[in-house]
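# Architecture at a glance
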Amino acid sequence: MAKDPIFEAFSNSPPWWMTNSGCVSGGVNGADNLKSDYFDDFADYLSEVAKHFKEEWGITFRTIEPFNEPSAGWWKANGDQEGCGFKNKQSEMIVELGKALKKKGLFPETSVSAADESNIGDALNRFNSYSTEARSYMFQVNTHSYSGYDSRGKLYNAAFAADKRVWQSESGPLHRSGNLDITLWMADVILHDLRDMHASAWLDWQLSDPAENWRTIVADHKKQTFSYAPRFYMHAAFSRA
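Quantities reported herein were computed from a predicted structural model and do not represent experimental measurements. (Residues numbered from 1 in each chain as written. Predicted model: local features only at pLDDT ≥ 70, side-chain atom pairs only at ≥ 80, totals over all residues. Heavy atoms only, no water.)

Here we take up the overall build of the protein chain. Looking only at helices and strands, the protein chain features seven helices and eight strands. In terms of overall dimensions, the protein chain is globule-like: its C-alpha atoms have a radius of gyration of 18 Å, near the 18 Å expected for 241 residues. Seen along its three principal axes, the alpha-carbon backbone of the protein chain occupies a region of about 50 × 40 × 40 Å. Out of the 241 residues in the protein chain, the part that is buried amounts to 45%. A separation threshold of at least 6 residues defines the contact pool for the protein chain, and within that pool the share at least 24 residues apart is 72%. Of the accessible surface of the protein chain, which amounts to about 12800 Å², a share of 52% is contributed by carbon and sulfur atoms. Both charge centroids of the protein chain, one from 25 positive and one from 32 negative side chains, sit 2 Å from each other. (Helix = DSSP H or I, 4+ residues; strand = E, 2+ residues; numbered from the N terminus. Rg over C-alpha atoms; globule rule 2.2 N^0.38 Å. Buried < 20%, exposed > 50% of the residue type's maximum accessible area, 1.4 Å probe, protein only. Contact = heavy atoms within 4.5 Å. Areas by Shrake-Rupley, 256 points an atom, 1.4 Å probe, with all protein chains shown as cover. Lys, Arg positive; Asp, Glu negative; His and termini not counted. Charge placed at Lys NZ, Arg CZ, Asp CG, Glu CD.)

Let's shift gears to the nonpolar core. Counting 39 residues, the largest nonpolar core has Phe67, Met93, Ile94, Leu97, Tyr130, Met138 and Leu155 as its most contacted members. Contributing elements (two or more residues each) for this core: helix H1 (39–57), strand S2 (61–65), helix H2 (90–103), strand S3 (111–119), helix H3 (120–129), strand S4 (138–147) and helix H5 (152–161). For this core, the element with the most residues is H2, which contributes six residues. Excluding anything up to four places from it in sequence, Phe67 contacts Ser11, Phe86, Gln90, Met93, Ile94, Ala114, Ala115, Asp116 and Tyr130. Grouped together as the second largest cluster of nonpolar side chains are eight residues, Ile182, Trp185, Ala187 and Trp202 included. (Core = buried A, V, L, I, M, F, W, Y, C linked by side-chain atoms within 4.5 Å.)

With that settled, consider the pairing of S2. Burial runs high along S2: four of the five residues are buried. Running through H1, the crossover from strand S1 (residues 7–10) to the neighbouring parallel element S2 is right-handed. Of the pairings in the sheet, the one linking S2 to S3 comprises two bridges and is parallel in character. Note on S3: the bridge partner recorded for Ile64 is Val112. As a crossover connection, the stretch from S2 through H2 into S3 is right-handed. (Right-handed = clockwise from strand over helix to strand, strands pointing away. Pairing = 2+ DSSP bridges.)

With that out of the way, let us pick up the sheet that holds S3. Adjacent strands of a sheet pair through backbone hydrogen bonds, lying either parallel or antiparallel. With respect to topology, six strands assemble into an open sheet ordered S1-S2-S3-S4-S5-S6, the strand pairing being parallel. Unpaired on one side and paired on the other, S1 and strand S6 (201–202) mark the two borders of the sheet.

As a further point, take the environment of Asp32. Within the element layout of this structure, Asp32 appears in the loop between S1 and H1. Sequence separation between Asp32 and Cys84 is 52 residues; the distance between their C-alpha atoms is 6.7 Å. Within the local environment of Asp32, its side chain forms a polar contact with the backbone nitrogen of Lys87, the two atoms lying 2.9 Å apart. (Polar contact = N/O pair within 3.5 Å; in protein donor to acceptor, adjacent residues only side chain to side chain.)

Going through the model one piece at a time under the given rule, you end up with eight salt bridges. Measuring nitrogen to oxygen at the nearest pair gives 2.7 Å for the salt bridge that ties Asp193 to Arg152. Of the two residues, Asp193 is situated in helix H6 (residues 182–195) and Arg152 in helix H5; the sequence distance between them amounts to 41 residues. Both residues of the pair, Asp193 and Arg152, count as buried. Asp196 is the partner of Arg195 in a salt bridge, and the nearest nitrogen-oxygen pair spans 3.0 Å. The exposure class of Arg195 is exposed, given its relative accessible area of 55%. Note on Asp196: relative accessible area 26%, which makes it partly exposed. Look at the salt bridges and you will find they share partners, linking Asp44, Glu48 and Lys104 into a network. (Salt bridge = Lys/Arg side-chain N within 4 Å of Asp/Glu carboxyl O.)

Below, the structure written as structure tokens:
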């Protein structure tokens, strides 16, 4: 483990009993799925998890992210992956979480990050829409960099003006395939995210994935062996810089 690791907690979905659909894969037709009277309950839930990690295991989360691709519209009931639509009232959720962290003596050591949108342009629009109170509980703007590349510089400028750091908190090649060299393509994404968006952290979706284009490490679970894909050496070039 690194000498001074940075921990962030994030949520894919509130517990099922807090959702409108009763399902943690999303709302009906991708609608916002947190019950209107459960914002404070969800905030209490998230902050209590952070408090438990700190008191029981000495792990302090620097940030808590209550959303994951909240405006994408693909988190639907009875889907195959946890998710929660949150196109509306992101400011209200951030404020409730900030208040809960403050009440439990966790803020500002643990603050709020938002909003892990899949599109950088969506991340910019959401951040610009946040209330002054919501921003007061945030020290970090998170975005995935699957699309919206022309908004990289704009997001950085907005975050810098508000004294917030920027994280690129998830990325990958999506449906790109064929003759495209994914390793070089992802290297280009990283370079632009670091140069144009000034991301202080760059996170891959995951290091080992069944899909060939997505993985950095090729794992054989039956034989319990692994090997390195070309992307491993590309990532190493950045991490050793």
